[in-house]
Amino acid sequence: MSSIAFTNIATLVTNDVSAGEGAIGVLHNATVVVEDGLISQITQTRPSGVDSEVDCSGKTLLPGFVDSHSHLIFAGDRADEFATRSQGAKYTAGGIASTVKATRAASDADLRQNAQRLLNEALSTGTTTMEIKSGYGLTEKDELRSLAIASEFTDETTLLAAHVIPEEFESNPDGYVELIINSIIPKSKAKWIDAFCDLDAFDPEQSEAILRAGVAAGMQVRIHANQLSAGVGVALAVALDAASADHVSKSTNADIELLASSNTVATLLPGAEFSTHLQSGLGRRFLDAGATVAIASDCNPGSSYTTTIPFCIATAVSLLGFTVEEAVKAATLGGAQALRRTDIGMVSVGKRADFVLLNAPSYIHLAYRPGVNLVHSTYKSGRAVTSWQK
Ligand code: NIG
Ligand code: FE
């Protein structure tokens, strides 16, 4: 067994309220001991008999960010579309078609290289777990190859063949729903099934049929709900015991109450709010209702082209009404809950030693110093890593 001690941690965020102060269980001048990739001890005295030591004086150690929502398998970008929004255009689902075209034309190597680039960015800003969706292929071959490439990088893979109706099925949308149910779902090896239940995407009946077929094939549910319009997305998520309902920007108070009384996490996507149609104070409504809240990057070339969770934390605090503690918790423990994972999201004995070391005396600096990369190093299973690997 090899052991490593992270000593003199100025501020340690545990997310364990029984272990430290306040809502995210903070300790000062603590030491974390890691043995064989797992956290074996948290102490405020000097441990003896460890094999090596990392001196964390003046730094903050917190759980690695768990990014529970991303769309990393794509080619091309949509900078021009973004620029039209800066001139007043509204975000719609219509832009997805141009990314579908570029993705279908790309080689596996191009898609793999683009995902690796984005995952390296995420790692350098503290992300240790990433969910990755398909959804820019929209043919049997292109959805399955997107999932295969995603699975090279993560076990948290999501089939989002139900992203939009592809152009070739425009006059026969139910034909595409049948293709998903009869041809794509049976061959999917993804952990999760997702559907974009919204305006210009999939209607409630189509979404429900696809999600139920996914469950019957062994996948678990997460949903893009109420991003662009109010509707039944949240209710569908709760009815299907989805792990998470994501975006939820246009939720009614009834939707929020429903989420708060369910096992479904509300995942807010500050990058998408920032880049499309910011709902100022949105997070507060969910937090005050007592819902379990996650924040994630939603990294994609249309609505949120960021891999950087500290940016999402800063945006959640300054614009969506989160306290700093609520935002940090939502990006770590909240993300783990949105993926129904109990092995990550906390710095506590027995959990995986996935964490971030910040060049800052407090986690508060994540929001206080927006746009500055404070990450000193990112650890996965107790090892400092600089290139993303599964
Ligand atoms: O989660 N809303 C649906 N899908 C993505 C955006 C996709 C795109 O615009 O390319 C999202 O925001
Ligand atoms: Fe999304």
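Computed from a predicted model, the values in this text were never measured in an experiment.

Chemist: Help me understand the site of ligand 1, please; the structure alone is not making it clear to me.
Modeler: Neighbouring ligand 1 are 15 residues, the closest being Arg78, Tyr91, Tyr136, Gln227 and Ser303. Note that an oxygen atom of ligand 1 is positioned 2.8 Å from one of the side-chain N or O atoms of His247. Counted by class, the shell around ligand 1 contains four nonpolar, nine polar and two charged residues.

Chemist: Hey, could you run me through the sheet that holds strand β12 (residues 244-247) in this one?
Modeler: Pairing between the strands of a sheet is mediated by backbone hydrogen bonds and can be parallel or antiparallel. Reading across from one edge, β8-β9-β10-β11-β12-β13-β14 is the order of the seven strands in this open sheet, with parallel pairing throughout. In the strand order of this sheet, the two ends are held by β8 (132-133) and β14 (293-295), each with one partner. Note: β12 against strand β13 (residues 265-268), three bridges, orientation parallel. Its bridge partner lying in β13, Ser244 is registered against Val265.

Chemist: What should I look at first to understand the domain arrangement of the protein chain in this one?
Modeler: Interfaces are often sized by the accessible area lost when the parts come together. Each domain of the protein chain was delimited in the assignment, giving domain 1 (3-64 + 346-384) and domain 2 (65-338). Each partner contributes to the interface: domain 1 provides 21 residues, whereas domain 2 provides 19 residues. Here domain 1 meets domain 2 over a buried area of about 1600 Å², counting both sides, of which 70% is carbon and sulfur. The tally of links from domain 1 across to domain 2 stands at six residue pairs in polar contact (both at pLDDT 80 or more).

About the thresholds
Residues numbered from 1 in each chain as written. Chains lettered and ligands numbered in written order. Predicted model: local features only at pLDDT ≥ 70, side-chain atom pairs only at ≥ 80, totals over all residues. Heavy atoms only, no water. Near = heavy atom within 4 Å. Polar contact = N/O pair within 3.5 Å; in protein donor to acceptor, adjacent residues only side chain to side chain. Nonpolar A, V, L, I, M, F, W, Y, C, P; charged D, E, K, R; others polar. Pairing = 2+ DSSP bridges. Helix = DSSP H or I, 4+ residues; strand = E, 2+ residues; numbered from the N terminus. Domains from an automatic or database assignment. Contact = heavy atoms within 4.5 Å. Buried area = accessible area lost by both parts, 1.4 Å probe.

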